[in-house]
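# Survey of secondary and tertiary structure
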Amino acid sequence: MRRSRAVAVTGVLAGIATWYWALESVLADRADPAGSWISDLGARTEGTGLLFDLLEAASGLLLVAFAVLLVPVIGRRSRTLRWAVRALVAVGVCTLIDGAFPLSCGEALAAPCELRYDAIDIVHGVETLLSIAITIAMFARFAAWLRAEADGRLRRLGAWTAASGALWTACNAARGAQLLFDDLAGAKGAVQRTGQVVFGLWLIAVALTAARRTEDGGRSVPGRDAVSRAWQDRA
């Protein structure tokens, strides 16, 4: 029971924490959710930048903690899931790095400032690209395993994972497109935040499903044994 509660609470908190940017209207010096990147909130030119960097770091720590708690729940026999969980850890680490290496300037919030492209900016940019690639791979691995399961609950989670991954990827593709089409720049923040909402909801769904599996794992419950075996015994 304690483990299932820890999985549920940590996963739900990790999901909610990815929406820390929603506090910008009450905490940030300036707010422009449609046209600014989330990273602009933590820029070094912003007086409240450190606060948002700390919130992002907390989000990363919760992601790592949730992934670690998933290891004994998922089991050791599935190579696909092992890599999926490792990818989730990597996403959490990237989130920590993102907060630890803030942009030199919040361009959309403090125009006409320009990035310095110093070492910190470069680390931030490289981390962003790596995080996107790792997250796409994570969604793909989770979806591939879950959709192959016989249990209806897991297949539904697999379908939700595939849909979430597709929408999250589309949002990030739209972020990239704004670099080519200036007309899209005004909505770049909106699509980025939409992707974060999808990611957070997916984390919550995984947390609740995994917690239910953990709670059922110690006893025999009609109709639920298949779920318990599926999470632990998938080869």
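Here is what the cut-offs are and how they apply
- Numbering of residues starts from 1 in every chain and runs along the sequence as written.
- Given that the model is predicted, a residue must reach a pLDDT of at least 70 before its local features are reported, and side-chain atom pairs must reach 80 or more before they are shown or counted; all residues, however, enter totals for whole chains, interfaces and linings.
- Think of the side-chain values as coming from all heavy atoms in the structure, minus any hydrogens and water.
- Here a strand is any run of E in DSSP of at least two residues, a helix any run of H or I of at least four, and the numbering for each starts at the N terminus.
- Buried, partly exposed and exposed residues are distinguished by accessible area as a fraction of the type maximum, computed with a 1.4 Å probe on protein chains only: under 20%, between the cut-offs, and over 50%, respectively.
- The criterion used for residue contact is that any of the two residues' heavy atoms lie within 4.5 Å.
- Reported accessibility uses the Shrake-Rupley method at a 1.4 Å probe radius. Residues are deemed covered only where the shown protein chains occlude them.
- The span you would expect from a helix comes to 1.5 Å times its residue count less one.
- Working definition: a disulfide is two cysteine sulfur atoms within 2.5 Å of each other.
- Every case where a carboxyl oxygen of Asp or Glu lies within 4 Å of a side-chain nitrogen of Lys or Arg is listed as a salt bridge.
- Aromatic pairing here means that ring centres of Phe, Tyr or Trp (its six-membered ring) are within 6.5 Å. Orientation follows from the plane angle: under 30 degrees is stacked, over 60 is edge-to-face, and everything else is tilted.
- Definition used: whenever NZ (Lys) or CZ (Arg) falls within 6 Å of the ring centre and also within 35 degrees of the ring normal, the charge is taken to sit over that ring.
- Simply put, an axis is a line fit to the C-alpha atoms, just over the touching stretch for a helix, and the angle between two N-to-C directions goes from 0 to 180 degrees.
- Here a crossing is called left-handed whenever its near helix is offset anticlockwise from the far helix by less than a right angle, and right-handed whenever the offset is clockwise.
- In this count, Pro and Cys sit with the nonpolar residues alongside Ala, Val, Leu, Ile, Met, Phe, Trp and Tyr, while Asp, Glu, Lys and Arg are called charged and the others, Gly among them, polar.
- Definition used in this section: a nonpolar core is a set of buried Ala, Val, Leu, Ile, Met, Phe, Trp, Tyr and Cys residues joined via side-chain atoms within 4.5 Å.

## Some details on the overall build of the chain
- Each helix and strand counted, the chain has 8 helices and 0 strands in total.
- For the chain, the succession of helices and strands along the chain, N to C, is α-α-α-α-α-α-α-α.
- Counting over 235 residues, the chain shows a buried share of 46%.
- Sequence-distant contacts, at least 24 apart, represent 72% of the contacts inside the chain between residues at least 6 apart.
- Summed over its atoms, the accessible surface of the chain is roughly 11300 Å², and 63% of this surface lies on carbon and sulfur atoms.

## Looking at helix α5 (residues 119-147)
- Between its terminal C-alpha atoms α5 stretches 42 Å, which fits the 42 Å expected from 29 residues at 1.5 Å a residue.
- The complete set of buried residues in α5 reads Asp121, His124, Glu127, Thr128, Ser131, Thr135, Met138, Phe139, Phe142, Ala143, Trp145 and Leu146.

## Some words on the state of the cysteines
- For the coordinates displayed, the defined rule picks out 1 disulfide.
- In this model Cys105 forms its disulfide with Cys113; the gap between the sulfur atoms is 1.7 Å.
- Take Cys113: its relative accessible area is 23%, and that puts it in the partly exposed class.

## With respect to the environment of Gly47
- By secondary structure assignment, the location of Gly47 is in the loop between α2 (24-27) and α3 (49-74).
- Sequence separation between Gly47 and Arg30 is 17 residues; the distance between their C-alpha atoms is 9.5 Å.

## Examining the pattern of salt bridges
- Following the criterion strictly, the structure yields 5 salt bridges and no others.
- Among the ionic pairs, Arg44 bridges to Asp118, the shortest N-O distance being 3.0 Å. With Arg44 in the loop between α2 and α3 and Asp118 in the loop between α4 (79-100) and α5, this residue pair connects regions lying 74 residues apart in the sequence.
- Take Arg44: its relative accessible area is 31%, and that puts it in the partly exposed class.
- Judged by its relative accessible area of 22%, Asp118 is partly exposed.
- In the salt-bridge network here, residues are joined through shared partners; they are Arg44, Arg116, Asp118 and Asp121.

## What about unusual backbone geometry?
- Unlike most non-glycine residues, Tyr117 shows phi in positive territory, near 55°.
- In this fold, Tyr117 is placed in the loop between α4 and α5.

## A closer look at the packing of aromatic side chains
- Going through the model one piece at a time under the given rule, you end up with 5 aromatic pairs.
- Judged by centre distance (6.3 Å) and plane angle (50°), the rings of Phe139 and Trp168 are tilted. You can see Phe139 sitting in helix α5 and its partner Trp168 sitting in helix α6 (residues 152-177), a full 29 residues away along the chain.
- A relative accessible area of 6% places Trp168 in the buried class.
- Linked through ring pairs, Phe139, Phe142, Trp168, Phe199 and Trp202 together constitute an aromatic cluster.
- Positioned above the aromatic ring of Trp83 is the side chain of Arg86, whose terminal nitrogen or guanidinium carbon lies 4.7 Å from the ring centre.

## Notes on the side chain of Glu56
- Along the polypeptide, Glu56 turns up in helix α3.
- Once residues within four sequence positions are removed from consideration, Glu56 is found in contact with Tyr20, Thr95, Asp98 and Gly99.

## A few points about the packing of helix α1 (residues 2-17) against α3
- At their nearest, the axes of α1 and α3 sit 9 Å apart, and the two run at 150° to each other. Handedness of the crossing formed by α1 with α3: left-handed. Where α1 abuts α3, its residues Arg3, Ala6, Val7, Thr10, Gly11, Leu13, Ala14 and Ala17 lie against Ser59, Leu62, Leu63, Ala65, Phe66, Leu69, Pro72 and Val73.
- Among the residues forming the contact of α1 with α3, the class breakdown is 12 nonpolar, 3 polar and 1 charged.

## Things to note about the nonpolar core
- By size, the foremost hydrophobic cluster in this structure holds 30 residues, and its most contacted members are Leu88 and Phe199.
- Those elements giving two or more residues to this core turn out to be α1, α3, α4, α5, α6 and α7 (188-216).
- When residues of this core are assigned to their parent elements, the largest contribution, 7 residues, is made by α7.
- Judged by nonpolar contacts, the second largest core, of 7 residues, contains Ala28, Ile38, Leu41 and Leu109.

On their own, these measurements won't tell you what the molecule is for.
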